[in-house]
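# A look at the structure
Each chain, letter by letter, is given below.
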Amino acid sequence: MGTRPLLNRRLAGMGTTIFAEMSALATATGSINLGQGFPDTDGPEEIREAAVRALRGGRGNQYPPGPGIPELRTAVAEHQQRFHGLTYDPDTEVLVTAGATEAIAAALLGLLEPGDEVIALEPFYDSYAACIAMAGATRVPLTLRAPHFRPDLDELRALITPRTRLLLINTPHNPTGTVLTAEELAAIAALAVEHDLLVVTDEVYEHLVFGTTHHPLAALPGMRERTVTISSAGKTFSFTGWKVGWVTGSPALVSAVRTAKQYLTYVSAGPFQYAVAEALRLPDSYFDTLRTDLLRKRDLLLDGLTAAGFRAFTPEGTYFITTDITPLGEKDGIEFCRALPERCGVVAIPNAVFYDDPDAGRSQVRFAFCKKDEVLAEAVTRLRRL
Ligand code: PMP
Ligand code: GLN
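Residues numbered from 1 in each chain as written. Chains lettered and ligands numbered in written order. Predicted model: local features only at pLDDT ≥ 70, side-chain atom pairs only at ≥ 80, totals over all residues. Heavy atoms only, no water.

What follows is about the site of ligand 1. Taken together, the neighbourhood of ligand 1 is formed by 14 residues, with Thr-101, Asp-202, Tyr-205, Ser-232 and Lys-235 sitting nearest. For ligand 1, an oxygen atom lies 2.8 Å from a polar atom in the backbone of Ala-100. Separating an oxygen atom of ligand 1 from a side-chain N or O atom of Ser-232 is a distance of 2.6 Å. For the shell around ligand 1, the element with the highest residue contribution is helix 4 (residues 99–111), accounting for four residues. A class-by-class count of the residues in the shell around ligand 1 yields six nonpolar, five polar and three charged. (Near = heavy atom within 4 Å. Polar contact = N/O pair within 3.5 Å; in protein donor to acceptor, adjacent residues only side chain to side chain. Helix = DSSP H or I, 4+ residues; strand = E, 2+ residues; numbered from the N terminus. Nonpolar A, V, L, I, M, F, W, Y, C, P; charged D, E, K, R; others polar.)

Right under this line is the structure:
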């Protein structure tokens, strides 16, 4: 095979995702998994039944239409109108994808040229770095720093160069739980307009916000025509395994994303698309209860982590809590997370892997709270033994 490495240069060093590594460790050690972000309780029974009905009724068992079934595209457009006042044409401005993950990949592969610069909020969700690299582009981090994890907008302005093509935004933000304010979004939008930049905004946690409001970037002046908005049924409806996501944007943007998407999966999740169309039409009470339940879980875990000696940063959104392990006499989150299952039977994620400069997040560790109350309570009992 010669001496040339098999994995290409773009993906060098990107081995196994931290989520796969840590979930495998949880299984191997029988630990409580507060690492990978997935709920330990499935979403609404009627939505699960809707998937069964579709499957039994022969709906979606063969290739669905490339852009997604019309029922789901319509439901996505209605959802954007109902919750955000955004109007999208289901035929030309909505695209169904294999989760938000494929939407991110297709957007970056469809919109970027090699050599383009992409400014992304750091710490970044791990697939961003990989997809920017696969597109041959360069990532430029705008670092959110502890303890407040707010973007420095002067720094953002300074990072923009003639090669900047795209801003990759994530609000509510994984892993810090930051929800960008109306003022921060307005400043980001103004820079995007001034420099004629494209924006890809990952809003998969749009419904998981506590005591604040999620604002979609696409609603701001001048943004609709330059913004690709991404969301997914995984987080909102607690069916992460179904991998149903979607993109909304102008016809030109959606067409570019669709062009790449066609050659990634073509289509996916046929029967689940019918079920998610129903889920998007659930009454407001569903979304309110989801939020109230998660807020209780957040506070349960926040109190527990604090009692166990962590410095816990209160998230305004998502189902993750970022902590600092320095008060426990620890320095290195990666070592800490690798040892944690042995030490006390709990799995967490080291935030260092979400940074280009691992030093910036060396002592940060993320815990997921989308778990049963009793599981969170047991995890806290174990962590207090540290
Ligand atoms: N973006 C962010 C910020 C996420 O946290 C996740 C997954 N948890 C995704 C995208 C991927 O979503 P999906 O599972 O729908 O592909
Ligand atoms: N987004 C989830 C998290 O942040 C994990 C999804 C995945 O494993 N790719 O934990």
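What follows covers the packing of aromatic side chains. Evaluated as defined, the whole model comprises 17 aromatic pairs. Considering the side-chain rings of Tyr-63 and Tyr-266, the 6.0 Å spacing of their centres and the 75 degrees angle between planes classify their relative orientation as edge-to-face. A residue pair is termed long-range when its members are at least 10 positions apart, and Tyr-63 in the loop between helix 2 (45–56) and helix 3 (70–84) and Tyr-266 in the loop between helix 9 (251–262) and helix 10 (270–279) qualify at 203 residues. Residue class for Tyr-63 comes out exposed when judged on its relative accessible area of 72%. Here Tyr-266 falls in the partly exposed class, since its relative accessible area comes to 38%. Aromatic pair Phe-237 and Phe-287: ring centres 5.9 Å apart, planes at 70 degrees, arrangement edge-to-face. Taken as a pair, Phe-237 in helix 8 (residues 233–237) and Phe-287 in helix 11 (residues 284–307) lie far apart in primary sequence, 50 residues in all. For the cation-ring pair, Arg-366 lies above Phe-320, with the distance from its terminal atom to the ring centre recorded as 3.5 Å. Across from the ring centre of Phe-38, 3.8 Å away, lies the NZ or CZ of Lys-371, which sits over that ring. (Phe/Tyr/Trp six-rings, centres within 6.5 Å; stacked < 30°, edge-to-face > 60°. Buried < 20%, exposed > 50% of the residue type's maximum accessible area, 1.4 Å probe, protein only. Lys NZ or Arg CZ within 6 Å of the ring centre and 35° of its normal.)

Taking 1.5 Å as the rise per residue, helix 9 with 12 residues should run 16 Å; its terminal C-alpha atoms sit 16 Å apart, in good agreement. Among all positions of helix 9, only Leu-253, Val-254, Val-257, Ala-260 and Lys-261 are buried. The arc that holds every buried residue of helix 9, seen down its axis, measures 125 degrees, which confines them to one face. Where helix 9 is buried, its residues contact strand 2 (94–98), helix 4, strand 6 (198–202), strand 7 (227–232) and strand 8 (244–248). (Expected span 1.5 Å × (residues − 1). Arc of directions from axis to C-beta. Contact = heavy atoms within 4.5 Å.)

Okay, the side chain of Thr-322 next. Locating Thr-322 in the fold gives a position in strand 10 (residues 320–324). In this structure Thr-322 comes out as buried when scored by relative accessible area, which is 0%. A distance of 3.1 Å separates the side chain of Thr-322 from the side chain of Asn-351, its partner in a polar contact.

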